Amino acid sequence: MADYPVALWSFNLSRAPASITVFASQIEEGVKRAAAEGAKLLVLPEYLIECCLAFKPEGLPPEEEMAFLADIGAELLPLLRRLPEEYGVSLLAGTMPVKSLGGITNTAVLLTADGREIRQDKLCLTPFEQSSDAWRLIPGRELKVFELDGLKVAILICLDVEMPALSSLLAKHDLDMLLVPSMTEKPSGYHRVFGCAKARAVELMCAVGVCGVVGASKGTTQNDTNCSGAALYLPCEEEVGDSGVAAEIPPTDGTSGDEPFLISSVPVKQLRELKSGKAEVWPGA
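The numbering scheme is per chain: residues are counted from 1 as the chain's sequence reads. At least 70 in pLDDT is required for a residue's local features to be given in this predicted model, at least 80 for side-chain atom pairs to be given and counted, and no such filter applies to totals for whole chains, interfaces and linings, which use all residues. To obtain the side-chain values, all non-hydrogen atoms of the structure were used and water was disregarded.

1. Let's talk about helix α2 (residues 65–80)
The test is simple: Put simply, DSSP H or I for four residues or longer makes a helix, DSSP E for two residues or longer makes a strand, and each gets a number counted from the N terminus. Here the expected span of a helix is defined as 1.5 Å times the quantity of residues minus one. The classification of residues rests on relative accessible area computed with a 1.4 Å probe and restricted to protein chains. Under 20% of the type maximum is buried, over 50% is exposed, and intermediate values are partly exposed. Whether two residues are in contact is decided by their heavy atoms, any of which lying within 4.5 Å being enough.
Counted at 1.5 Å a residue, the expected span for α2 with its 16 residues is 22 Å, and the 22 Å between its end C-alpha atoms agrees. Considered for burial, the residues of α2 that qualify are E65, M66, F68, L69, A70, I72, G73, L76, L77 and L80. Turning to α2, the residues buried within the fold contact α1 (20–36), α3 (82–87), β3 (90–100), β4 (103–111) and β5 (117–121).

2. What about the sheet that holds strand β6 (residues 145–148)?
Spelled out, the test is: Whether two strands pair comes down to DSSP finding at least two bridges between them. Between the N-to-C directions of two axes lies an angle of 0 to 180 degrees, each axis being a line fitted to C-alpha atoms and, for a helix, fitted only over the stretch in contact.
Strand order in the open sheet made by the 6 strands is β6-β7-β8-β9-β10-β11, with mixed pairing throughout. What marks the edges here is a single partner per strand, and that holds for β6 and β11 (245–252). Here the strands of the sheet are splayed against their neighbours by 20° on average, with no regard to which way each runs. Two elements, strand β8 (residues 177–182) and strand β9 (residues 207–212), share 6 bridges in a ladder whose sense is parallel. What sits directly across from L178, in β9, is V208.

3. Points about the environment of D258
Counted only if it meets this: Pairs of N or O atoms within 3.5 Å make up the polar contacts considered here, provided that, within protein, one atom can donate a hydrogen while the other can accept it, and that residues adjacent in sequence are counted only when both atoms are side-chain atoms.
The topology assignment puts D258 in the loop between β11 and β12 (261–266). Judged by relative accessible area, which is 31%, D258 ranks as partly exposed. Considering only alpha carbons, one finds D258 and V214, 44 residues apart in sequence, at a separation of 8.3 Å. With residues near it in sequence (within four places) discarded, D258 still touches N12, V214 and T252. Here T252 takes part through its side chain, which lies 2.4 Å from a polar atom of the side chain of D258.

4. Structural notes on the packing of aromatic side chains
Put simply, the test is: Stacked, edge-to-face and tilted are the three classes for Phe, Tyr and Trp ring pairs, Trp counted by its six-membered ring, which pair at centre distances within 6.5 Å; planes under 30 degrees apart are stacked, over 60 edge-to-face, the rest tilted. To sit over a ring, a charge needs its Lys NZ or Arg CZ within 6 Å of the ring centre and within 35 degrees of the ring normal.
Enumeration over the complete set of coordinates arrives at 8 aromatic pairs. Both rings, one in F11 and one in F23, keep their centres 6.0 Å apart while their planes meet at 90°; by these two values the pair is edge-to-face. Of this pair, F11 sits in the loop between β1 (4–9) and α1 while F23 is found in helix α1, placing the two residues 12 residues apart along the sequence. Summarising the aromatic geometry, the rings of F55 and F68 are spaced 6.4 Å apart at their centres and angled 75° between planes, so their arrangement reads as edge-to-face. Of this pair, F55 sits in the loop between β2 (41–43) and α2 while F68 sits in helix α2; the two residues are 13 residues apart in sequence, bridging distant segments of the chain. By relative accessible area, which is 14% here, F68 ends up buried. Taken together, W9, F11, F23 and F261 form an aromatic cluster joined through their ring pairs. Residue placement shows R15 over the ring face of F11; its charged tip is 4.9 Å from the ring centre. Positioned above the aromatic ring of F261, the side-chain terminus of R33 is 3.9 Å from the ring centre.

5. Some words on the side chain of E65
With respect to the element layout, E65 can be found in helix α2. Residue contacts for E65: discarding those within four places in its chain leaves L53, K56, L60, W135, G219, T221 and Q222.

6. What about the layout of surface pockets?
Going by this rule: Every definition here rests on a 1 Å grid over the protein atoms only: cavities are sets of points where a 1.4 Å probe fits but cannot get out, pockets are open sets enclosed by protein on both sides within 12 Å along at least five of seven lines, and lining residues have some atom within 4 Å of a point. Grid points are joined across faces, edges and corners, and a volume is the space filled by probe spheres set on the points. Note on residue classes: Ala, Val, Leu, Ile, Met, Phe, Trp, Tyr, Cys and Pro are nonpolar, Asp, Glu, Lys and Arg are charged, and everything else, Gly too, is polar.
As a volume, the largest pocket reaches approximately 400 Å³. Contributing to the lining of the largest pocket are 22 residues, with T126, M183, T184, E185 and R192 lying nearest its centre. Contributing elements (two or more residues each) for the lining of the largest pocket: α4 (127–130) and α6 (187–204). Residue classes in the lining of the largest pocket are distributed as 8 nonpolar, 7 polar and 7 charged.

7. Here we look at the sheet that holds β5
The strand order across the open sheet formed by 6 strands is β5-β4-β3-β2-β1-β12, and the pairing between neighbours is mixed. Two strands in the sheet have a free side with no partner beyond their single neighbour: β5 and β12. Across the sheet, the axes of successive neighbouring strands diverge by a mean angle of 30°, strand direction being ignored. Direction of pairing for β3 relative to β4: antiparallel, over a ladder of 8 bridges. Bridge pairing links L91 to L111 in β4. Running at roughly 150° to β1, α1 makes contact with β1, β2, β3 and β12 of the sheet.

8. Structural notes on the pairing of β1
Note on strand geometry: in a regular strand, side chains alternate between the two faces of the sheet. β1 sits mainly inside the fold: 6 of its 6 residues count as buried. Residues Y4, V6 and L8 line one face of β1 and the alternating positions P5, A7 and W9 line the opposite face, and both faces are buried. Pairing analysis gives 6 bridges linking β1 to β12, with the strands arranged antiparallel. Looking at β12, one finds that A7 is bridged to I263. Relative to β2, β1 runs parallel, the two sharing 3 bridges.

So, to be careful, I would describe these as geometric facts and stop short of saying anything about function.
This is the structure:
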């Protein structure tokens, strides 16, 4: 495989859908665009589903928002499942709260063009995510590596990509691509996540695609601002462009309605050759 085209969409939460079906149709817009531009995968950001607080029940307290959004997610996924097969584009549908016996996790859901559903829970939660008077989430316990279109892939959600210990766990798996959906309130958060994503590309000698929500949900009680961009990072090697940046859209707060949508390609063949011994100084995983 020479190149693998991906789309990274920093969805603007101010879209404020009026219903689940409207939200699903907004996501379909992006899948259709990604397909038209030749992408094989569309990545959406962390907590994309917070958009749906725009139609939350009146008087819903903050500590019940995650349970509400978990129910919305359960209704949304059946509406999205046809899209990857119909358009030939696998869809990482951002992250959403998911109910389990132990509590509610923040979970990325990937719907593949070959009909699979792959889930990755966020492993390292922020203090806010675990707060008893806010979202009350529980961390996941398993880091998964999976195959997608002949590539070996993993997902690290936002803060997870800042954890070198998780990078060390992934090192032995010989990844081709790491996907990082995120949500960051301030430029400082954006730079933490995106800077660490670029570091992971160097450490793991793989491509790293990262995008985050922008704007604010009409019904938010917690996230009045969101700042992010979109980027595909590569190892800093001469053969793939020196800088480690395959493509990048700078950060925005989304208040002007802007919504970064990035199309770029993972140079799979070149990355595998670099791993096989052609890299400048990389000592191996």
